[in-house]
Amino acid sequence: MAERLTDDALQSALAGLDGWALDDAGNGIEKTFGFGDFNTAFGFMSRAALKAEQMNHHPEWFNVWNRVEVRLSTHDAGGVTSLDIELAGFMDGIA
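Caption draft 1: Fine view of the sheet that holds strand 1 (residues 21-22). Reading across the sheet, the 4 strands line up as 1-2-4-3 and stay open at both edges, with antiparallel pairing between neighbours. For this open sheet the edge positions go to strand 1 and strand 3 (60-64), each flanked by a neighbour on one side alone. By the bridge criterion, 2 bridges tie strand 1 to strand 2 (residues 29-34) in an arrangement that is antiparallel. Looking across to strand 2, one finds that alanine 21 is bridged to glutamate 30. Strands in contact with helix 3 (residues 82-94) are strand 2, strand 3 and strand 4 (67-72); relative to strand 2, the strand with the most contacts, it is inclined by about 10°.

Caption draft 2: Up close: helix 2 (residues 38-55). End to end, helix 2 covers 25 Å across 18 residues, agreeing with the expected 26 Å (1.5 Å per residue, within 8%). Every buried residue belonging to helix 2 is among Ala41, Gly43, Phe44, Met45, Ala48, Lys51, Ala52 and Met55, and all of these are buried. Residues of helix 2 that are buried make contact with strand 2, strand 3, strand 4 and helix 3. Sitting at the head of helix 2, aspartate 37 places a side-chain oxygen 3.3 Å from the backbone nitrogen of asparagine 39. Once helix 2 finishes, asparagine 56 follows within two positions and takes phi at roughly 55°, a positive value.

Reading guide: rules and limits
- Residues numbered from 1 in each chain as written.
- Predicted model: local features only at pLDDT ≥ 70, side-chain atom pairs only at ≥ 80, totals over all residues.
- Heavy atoms only, no water.
- Pairing = 2+ DSSP bridges.
- Helix = DSSP H or I, 4+ residues; strand = E, 2+ residues; numbered from the N terminus.
- Contact = heavy atoms within 4.5 Å.
- Axes fitted to C-alpha atoms, helices over the stretch in contact; angles between N-to-C directions.
- Expected span 1.5 Å × (residues − 1).
- Buried < 20%, exposed > 50% of the residue type's maximum accessible area, 1.4 Å probe, protein only.
- Polar contact = N/O pair within 3.5 Å; in protein donor to acceptor, adjacent residues only side chain to side chain.

Quick look at the structure:
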């Protein structure tokens, strides 16, 4: 099981990501992605889903037309772990 990042490690990791922020509860990271249309948003979700399945680490997300809201947290660890940071970086790379 992945271990929850320390506050310092989390802040350092967030500094290396584009637009991700700690959620209000402080135990997950969030970002809203915007795309040109539904097809592009859905393609993003499909690619991210394949990576998530490969990692066995699945996002919480919500999609309306061209917008995908994502929240990442490692529930077993009670917060953000390296798995969340890895998946966030992957999502940034394919967006």
